[in-house]
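Tertiary structure, described
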Amino acid sequence: MTSRTVITGIGVVAPNGVGTDAFWKATQSGVSVLDRVTRAGCEHLPLRVAGEVRGFDPGALVEDRFLVQTDRFTHHALAAADLALEDARLGRADYEADPFSFGVVTAAGSGGGEFGQRELQHLWEQGPRFVGPYQSIAWFYAASTGQISIRRGLKGPCGVVCSDEAGGLDAFAHAVRAIRQGSRAMLVGATEAPLAPYSIVCQLEYEGLSTRDDPERAYRPFTDQACGYVPAEGGAMFVVEDETEARRRGATVRAVLAGHAATFSGTRRRDEAGEGLAQAVRGALREAGCAPEDIDVVFADALGTPEADAAEAAAIVHALGDHGHKVPVTAPKSGTGRAYCAAPALDTAAAVLALEHGVVPPTPNVYDVCHDLDVVTGSARPAELRTALVLSRGRMGSNSALVVRKGSPADS
């Protein structure tokens with residue numbers, strides 16, 4: 001990332017709040033919203049606890065003609081995209097003037113399971129004439145990218161990262177590349193909705209999925225009580241722009257996307273030494289021009305199994321040296337759940353807000369840290385923050401690291 005690409009807008013739809021204000025208030029307070037799964041048809045399934053987005057009315061935010069064509073994960077994306085554009089103060093007139101300079105890139109790992117299950121039930125119970133025409137597209141991983149671009153008339157570079165977890169950070173690299181190649185702005189992010197019965201059944205064999213029924217004990221990364229993670233829905237979308245263009249139009253630079261790197265550690269076993277993740281961190285630091293001691297806070301991947309947590313702790317220390325033992329580490333997702341590709345997008349939103357407010361949010365439900373890391377627990381910690389490191393890993397061996405720097409009106 002040799003040219004400066006900046007974040008000018010953030011939109012959040014999360015289990016702990018819709019909109020950045022509600023999301024940050026809950027995240028900073030360390031509120032845990034994990035609770036029993038309430039979705040119809042899930043009562044008999046082993047997964048008991050998750051992070052649900054409650055009180056979200058897509059009909060109040062998205063037009064009916066888009067709602068009927070799309071799954072819940074795309075409803076989240078459409079709403080979050082609206083919030084991001086509003087935050088960036090980009091109106092229709094801004095992108096209608098040159099629609100080919102505005103693009104969209106999202107990441108998705110679960111797709112539209114709720115929509116797909118409903119239409120398949122119609123097929124088996126009533127026959128093919130009762131299957132809606134949008135079954136062919138609503139479940140697909142690229143649906144959110146396509147529907148955002150169609151709804152907003154954005155005709156620039158559009159794409160989707162079909163991945164698990166780490167794809168939520170890799171999408172930023174795709175957006176930065178598009179900006180480098182001449183795009184004026186990109187909508188980028190990830191949303192997921194993996195809590196329909198069909199989607200949950202597909203997750204039951206996932207490494208590390210927690211089936212505990214106590215919301216306060218179901219997801220406790222970096223502790224000796226770690227028993228895996230619980231899934232979540234929701235996500236975040238961002239407006240990213242070329243810095244010169246953003247400043248020309250008087251936009252507020254919320255953060256700078258300073259560096260990114262990704263690695264692949266192999267599919268058969270998680271990298272127990274954490275070397276793949278450490279190498280991604282080194283690459284992101286190199287691209288950002290950062291020394292290890294420049295990192296002021298780490299937003300951890302926090303899978304929540306003893307082996308994976310130990311590997312991540314080792315990776316942080318391997319990549320950051322002695323600073324890795326001292327730098328504040330946090331995992332707000334332990335209070336909201338792990339939203340697959342959307343998890344690092346939400347972590348990036350939290351990182352930007354942490355840089356803005358000078359506060360490291362705590363790691364909910366975590367008290368007895370058993371790794372040699374400075375994990376922030378209990379309450380938020382005031383700190384002078386300039387640079388954040390966001391980490392993410394996928395089940396199949398992908399690793400990704402993103403360096404984000406604080407923005408300001410004068411110098412970001």
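Residues numbered from 1 in each chain as written. Predicted model: local features only at pLDDT ≥ 70, side-chain atom pairs only at ≥ 80, totals over all residues. Heavy atoms only, no water.

As annotated in an unreviewed UniProt entry, the protein carries the name Polyketide beta-ketoacyl synthase 2 and comes from Streptomyces virginiae. Regarding the protein, the UniProt comment filed under Sequence similarities (unreviewed entry) reads as follows: "Belongs to the thiolase-like superfamily. Beta-ketoacyl-ACP synthases family." (UniProt positions renumbered as here; feature names shortened; annotations may be inferred.)

Helix and strand content of the protein: 14 helices and 16 strands. In terms of overall size, the protein behaves like a compact globule, its C-alpha atoms giving a radius of gyration of 20 Å where 412 residues would be expected to give roughly 22 Å. Seen through its principal axes, the protein has C-alpha atoms that stretch 65 × 55 × 35 Å. Relative to its full complement of 412 residues, the protein shows a buried share of 61%. (Helix = DSSP H or I, 4+ residues; strand = E, 2+ residues; numbered from the N terminus. Rg over C-alpha atoms; globule rule 2.2 N^0.38 Å. Buried < 20%, exposed > 50% of the residue type's maximum accessible area, 1.4 Å probe, protein only.)

According to the stated counting rule, one finds seven aromatic pairs in the structure shown. The interplanar angle of 85° and the centroid separation of 6.0 Å between the aromatic rings of Tyr 206 and Tyr 340 together place this pair among those described as edge-to-face. Taken as a pair, Tyr 206 in the loop between helix 9 (197-203) and strand 8 (234-242) and Tyr 340 in the loop between strand 11 (328-330) and helix 14 (342-357) lie far apart in primary sequence, 134 residues in all. For Tyr 206, a relative accessible area of 23% puts it in the partly exposed group. Between Arg 338 and the ring centre of Tyr 229, over which it is positioned, the NZ or CZ distance is 5.6 Å. Between the NZ or CZ atom of Arg 395 and the centre of the ring of Tyr 206, over which it lies, the distance is 3.5 Å. (Phe/Tyr/Trp six-rings, centres within 6.5 Å; stacked < 30°, edge-to-face > 60°. Lys NZ or Arg CZ within 6 Å of the ring centre and 35° of its normal.)

Below, the discussion takes up unusual backbone geometry. Residue Arg 89 is not a glycine yet carries a positive backbone phi of 60°. Tracing the backbone through its elements, the reader meets Arg 89 in the loop between helix 3 (72-88) and helix 4 (92-96). Using a relative accessible area of 47% as the deciding quantity, one classes Arg 89 as partly exposed. Backbone geometry places Asn 365, a non-glycine residue, at a positive phi of 65°. Mapped onto the secondary structure, Asn 365 falls in the loop between strand 12 (359-360) and strand 13 (374-375).

Bringing the pairing of strand 15 (residues 387-393) into the picture now. Across the seven residues of strand 15, seven count as buried, placing the element largely inside the fold. The alternating pattern of strand 15 places Thr 387, Leu 389, Leu 391 and Arg 393 on one face and Ala 388, Val 390 and Ser 392 on the opposite face, and all of these are buried. As judged from the three bridges shared by strand 10 (residues 297-299) and strand 15, these two strands associate in the parallel manner. Bridging from a neighbouring strand, Val 297 pairs with Ala 388 of strand 15. Here strand 15 pairs with strand 16 (residues 398-406) via seven bridges, running antiparallel. By the bridge assignment, Thr 387 is partnered in strand 16 with Arg 405. Here strand 15 folds back onto strand 16, and the loop between the two strands holds four residues, one of which, Gly 397, carries a positive phi near 105°. (Pairing = 2+ DSSP bridges.)

On to the state of the cysteines. Under the definition given, this model contains zero disulfides. Counting only cysteine sulfurs, Cys 162 is the nearest neighbor of Cys 158, a cysteine outside any disulfide, at a range of 14 Å. Taking relative accessible area as the criterion, Cys 158 reaches 41% and is therefore assigned partly exposed. Of all cysteine sulfurs, the one in Cys 370 lies closest to Cys 227, which takes part in no disulfide; the gap is 12 Å. (Disulfide = S-S within 2.5 Å.)

In this section: helix 8 (residues 167-180). Because an α-helix packs 3.6 residues into every turn, residues spaced three or four apart end up facing the same way. Between its first and last C-alpha, helix 8 extends 20 Å over 14 residues, near the 20 Å set by a 1.5 Å rise per residue. Across the 14 residues that make up helix 8, a large majority, 11, are buried. In the segment just after helix 8, Gly 182 is the residue with positive phi, at about 120°. (Expected span 1.5 Å × (residues − 1).)

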